[in-house]
Structure formats: structure tokens, C-alpha cells
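Reading the structure
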Amino acid sequence: KDDMHTKATNNPFDNFIAAAYCAMAVPFYKDDLVFSRWCRNCAVEDYQFAKDSLKAFVTNKNETELYAQATVAAMQLYRLTEDKSYVDDAAKYAQVLMSCQQLERRKDWSIPLHGFFYESHEQKRILEFFHRSNEELMMQGLTMLLTDAPNHADAAHWKSSCKAYADYLLEISNSIAPYGILPAAVYELNNADFAGIYHEGDQVGMPSMEEYNAE
């Protein structure tokens, strides 16, 4: 059932992923300069494809994931090329990313959490992952920035974001007995509209999105 066929499309999600992975592959093929150069060229080109189409692809359901992936890809390209324009890009992406985070404590909750992310800067729906989990990307991009550009004007903001997320993980860990597994997200009652997320269940004999929403 997992062997699904789908049409390849030119979208920033896939291009940022390809750019990051190709950039990471380059140093592993130093004994094959042709393939190494091919990986490098693909990384640069795919990154540019993604950057050019980024804004047109952003919605209020994918902004956080998209800008997190963009930040990581930009930093992988910086580490590959040492071109500081990629750091500039990553810093801009990180500003959007941090606007999607709950930095102040939610004092209206019985447990005043903070540090988690919403799906977009509108902060209407808490981010959670249904299919492929990318939750490491937010902190990965910010920590790469802190490591490679520690004197940047935004470095203190990056650090505050990371600290808030660390608080979130630490504090939810106090509420997970007896399972000992961190939850995927903070669950919100009466916020079960999953329309628009990627889902293929009804194609392979599993529940449809309508059935999930009803449940």
C-alpha cells in the first residue's frame, strides 16, 4: 500500500530538501569529482528553484515547515559554498520561522507552556505532524545559524527561540507518564479541521479525511 505513484512537481518543499541533501553529499564523493560537482550544481540550482517559488507556495498551513526547511537548506548551501548570501537568506527565513512560535507563556492554560510552534505566523493552529515528521528542522536551522553566525545581529533572538523550545520539551516531559514518550503536539479541543493536509488514506482502503474529522 505504500507504493504510491504520484506526479513530480516543481515546488519549494521538494527543492529545498533536494538542495540540502545534495549539498551534504558533496564531501562524500571527493574520489569522484564529476559526481561531486554534479551534486554541488544540483544543490545550488534546486535551492534557487525553491527560493524563486517560495512565497507563491506559502499558506497558513505550511508556513512553519516551509521556512524551517528553507533555513536548513540555506545553511547547508553556506557550508558548502561559503557564500554569505546564504546566511543572509537563512536569517530572513528564521525571522519568519520565529514569528510562528509561541514565545510568551500561555498563561490562559493550566500549564503555561511556551516555545511550541503554530502552523503559521497567524498562530491560529498549533503545528503537528501527520505523515512525515519534520519537527527537528526548526531547531536545526536556528542552531546552524548560531554555530556559523554567532555574531549576527539576530543571534540573541535565535538563542531565545531555542531556549523556549527546550523549555517546552522539558515541561511536557513532566506530563507523559506512564508512556514516557513526548507528545506530537499540544492537542486543541474543537480544532479538528484537517482539510488541506497531505493524505492518501482513502486511495489505499484506509479512512478518508472526512472520517478522520468526524472521529
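Parameters at a glance
Residues numbered from 1 in each chain as written. Predicted model: local features only at pLDDT ≥ 70, side-chain atom pairs only at ≥ 80, totals over all residues. Heavy atoms only, no water. Axes fitted to C-alpha atoms, helices over the stretch in contact; angles between N-to-C directions. Helix = DSSP H or I, 4+ residues; strand = E, 2+ residues; numbered from the N terminus. Parallel < 35°, antiparallel > 145°, perpendicular 65-115°, else oblique. Left-handed = near helix turned anticlockwise from the far one by under 90°. Contact = heavy atoms within 4.5 Å. Nonpolar A, V, L, I, M, F, W, Y, C, P; charged D, E, K, R; others polar. Salt bridge = Lys/Arg side-chain N within 4 Å of Asp/Glu carboxyl O. Buried < 20%, exposed > 50% of the residue type's maximum accessible area, 1.4 Å probe, protein only.

**Here we look at the packing of helix α5 (residues 137-148) against helix α6 (residues 155-172)**
At their nearest, the axes of α5 and α6 sit 9 Å apart, and the two run at 140° to each other. When the interaxial angle is binned, α5 and α6 end up oblique. In this structure, α5 meets α6 at a crossing whose hand is left-handed. Of the residues in α6, those touching α5 at M139, L142, T143, L145 and L146 are A155, W158, K159, S161, C162 and Y165. Of the residues that constitute the contact of α5 with α6, the class distribution is 8 nonpolar, 2 polar and 1 charged.

**Here we look at the pattern of salt bridges**
In the structure shown here, the tally under the stated rule is 9 salt bridges. A salt bridge links R79 to D148, with the shortest nitrogen-to-oxygen separation between them at 2.7 Å. On the criterion of sequence distance, the pair formed by R79 in helix α3 (residues 63-81) and D148 in helix α5 is long-range, its members being 69 residues apart. Since its relative accessible area comes to 24%, D148 is described here as partly exposed.

**Points about unusual backbone geometry**
P178 follows A177 through a cis peptide bond whose omega is 5°. By the secondary structure assignment, P178 is in the loop between α6 and α7 (209-214). With a phi close to 55°, Q123 is a non-glycine residue in the positive phi region. With respect to the helices and strands, the residue Q123 is situated in the loop between α4 (85-99) and α5. In this structure Q123 comes out as partly exposed when scored by relative accessible area, which is 29%.

**Details of the environment of I111**
The residue I111 is located in the loop between α4 and α5 in this model. The exposure class of I111 is partly exposed, given its relative accessible area of 41%. Counting along the chain gives 25 residues from I111 to E136, while the straight-line C-alpha distance between them is 23 Å. If we skip the residues at most four places from it in the chain, I111 touches R106 and S175.

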